[in-house]
Amino acid sequence: MDGGRHGGGVVRIGVLALLWGSGFLWIKVALNHGLTPVQITITRCVLGAAVLVGLALVARQRLPRSATVWRRLAVAALFCNALPFALFAVGERTVDSGLAGVLNATTPLWTLLIGLAAGVERFSAARAGGLLLGFGGVLLIFAPWHVRVSWGALALLVAAASYGVGFVYMGRWLTGRDTAPIALSAAQLIAATGWSAVALPVAGAPHADATGLAAVAVLGVFGTGVTFYLSYRLVADEGATSAATVGYLLPVVSVALGAAVLDERLGPRVLAGMAVVLLAVSLTRLSHGAGSRSSPERPRAGTPS
C-alpha cells in the first residue's frame, strides 16, 4: 500500500515537473508564432485566473473580501506574476527556452539572499556557501569574460530575482492566513491580470497563428492554472519536501524539451553551470527548516516560469 502511494507521488511529481518545465517551451513557441510578450503575459494571467476561479468555486472557496488582503495580493501579483511573466517572455525573444529554464533555477538563491537582507531568513555557513556556489554557477553560465551577456539573459535573471522578492513578501504577509489557498491564488492572478492590462497600449496588434494561440492557451491553462492546483494537492498529500523536489527537475525538463522540440543546444559550460546552481540550491536547503522564520504553507500562484 505504501509502495503504491509512493509510486503515485512519483508520478505526480513527474507530471508537475513536465507541466511547469514546459512553460519555457510554450513561451518560445508563442513568440515564434506571432505573439508579443505583453500578449503572452495578459493571456497567461487571464487563463490561469479562470482555471483557479473555477477550481475555487468547485471547492466552495470564496475570494478574499478584505481590502488589506487585496492590497497585499496586488504587491505579490506584481513581483510573482505580472513582472516575471513579462520578463521571461521578453528574455526568450533572444534566449533559448532551455537556458531560460536554467536561469529560472536561481530563484531559490535570490529568495534566500533577499530573505537574509529582509531579516526573515537566518544566516548559516551552509547557506553562505550555497549562495557563493550558486552565483559562481551563474557566472559559469554567462562566462562574461568569454561572451557578451545579452539583455535577454539579464531580463531572465531579473525575473528570477523578482520571484525572490515576491516569495519573501508572501511568506511575511500572505501565507499561513485563514483565507482558502486556491481562492487566494485565484485572486492573486486576477490582480496580476490587472497589472498586465496596464501594458495593453503597447501590446501590439495580434498577428498570431493557430500554433501561437494554442501554445499560449496551454501555457495559461496547464502551465499556470492546473500546475498550481497540482502543486497544492502534492503539498497536501505528500508534503512540502516532495513539492520542492519539482524545482530541481524544471531546468532538466526545459533543456530536454528545448533540445527535442526546438533543436536547441546548450554547451558543456552552461550544463555544468546548471549542475552547480542545482547543487548550490540543495546546499542552501540543508538548514531550511531550522533557518527560516517564515515558512510559506501554500504554493505560490503563477509558477516560476
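In the block above lies the structure referred to throughout.
Keep in mind it's a predicted model, so treat the numbers as computed, not measured.

Trainee: Looking at this structure, how should I read helix 2 (residues 23-32)?
Mentor: For an α-helix, the turn length of 3.6 residues means that residues three or four places apart are oriented alike. Counting buried positions along helix 2 gives eight out of 10 residues, so the element sits mostly inside the fold. Buried within helix 2 are the following residues: Gly23, Phe24, Leu25, Ile27, Lys28, Val29, Ala30 and Leu31.

Trainee: Got a minute to help me understand the packing of aromatic side chains in this structure?
Mentor: The relation between two aromatic rings is expressed through the spacing of the ring centres and the mutual angle of the planes. Within this structure, the stated rule accounts for four aromatic pairs. When the centroid spacing of 6.2 Å and the interplanar angle of 40° are considered together, the rings of Phe88 and Tyr163 count as tilted. Placement of Phe88 in helix 4 (residues 67-91) and of Tyr163 in helix 8 (residues 151-173) is noted, with a sequence separation of 75 residues between them. Phe88 gets classed as buried once you look at its relative accessible area, which sits at 0%. For Tyr163, a relative accessible area of 0% puts it in the buried group. Judged by centre distance (5.0 Å) and plane angle (70°), the rings of Trp110 and Phe135 are edge-to-face. Taken together, the residues Trp110 in helix 6 (residues 107-118) and Phe135 in helix 7 (residues 125-142) connect sequence positions 25 residues apart. The exposure class assigned to Phe135 is partly exposed, which follows from its relative accessible area of 23%. Three or more aromatic residues joined by ring pairs make a cluster, and in this case those are Phe24, Phe88, Tyr163 and Phe167. Geometry around Phe85 places Arg44 over its ring, the cationic atom sitting 3.8 Å from the centre. The residue whose ring lies beneath Arg172 is Trp173, and the NZ or CZ to ring-centre distance is 4.1 Å.

Trainee: In this structure, what is going on with helix 9 (residues 181-197)? I would like to understand it.
Mentor: The terminal C-alpha atoms of helix 9, which comprises 17 residues, lie 24 Å apart, in line with the 24 Å expected from a rise of 1.5 Å per residue. Buried within helix 9 we find Ile182, Ala183, Leu184, Ser185, Ala186, Ala187, Gln188, Leu189, Ala191, Ala192, Thr193 and Ser196.

Trainee: Sorry if this is basic, but what is going on with the environment of Thr284 here?
Mentor: Relative to the helices and strands, Thr284 is located in helix 12 (residues 268-284). According to the relative accessible area criterion, Thr284 is buried, its value standing at 5%. With 156 residues separating them along the chain, Thr284 and Ala128 place their C-alpha atoms 7.7 Å apart. Not counting residues within four places of it along the chain, the set of residues in contact with Thr284 comprises Leu109, Leu112, Arg127, Gly130 and Leu131. Only 2.8 Å separates the side chain of Thr284 from the backbone oxygen of Val281, close enough to count as a polar contact.

Cut-offs and rules
- Residues numbered from 1 in each chain as written.
- Predicted model: local features only at pLDDT ≥ 70, side-chain atom pairs only at ≥ 80, totals over all residues.
- Heavy atoms only, no water.
- Buried < 20%, exposed > 50% of the residue type's maximum accessible area, 1.4 Å probe, protein only.
- Helix = DSSP H or I, 4+ residues; strand = E, 2+ residues; numbered from the N terminus.
- Phe/Tyr/Trp six-rings, centres within 6.5 Å; stacked < 30°, edge-to-face > 60°.
- Lys NZ or Arg CZ within 6 Å of the ring centre and 35° of its normal.
- Expected span 1.5 Å × (residues − 1).
- Contact = heavy atoms within 4.5 Å.
- Polar contact = N/O pair within 3.5 Å; in protein donor to acceptor, adjacent residues only side chain to side chain.

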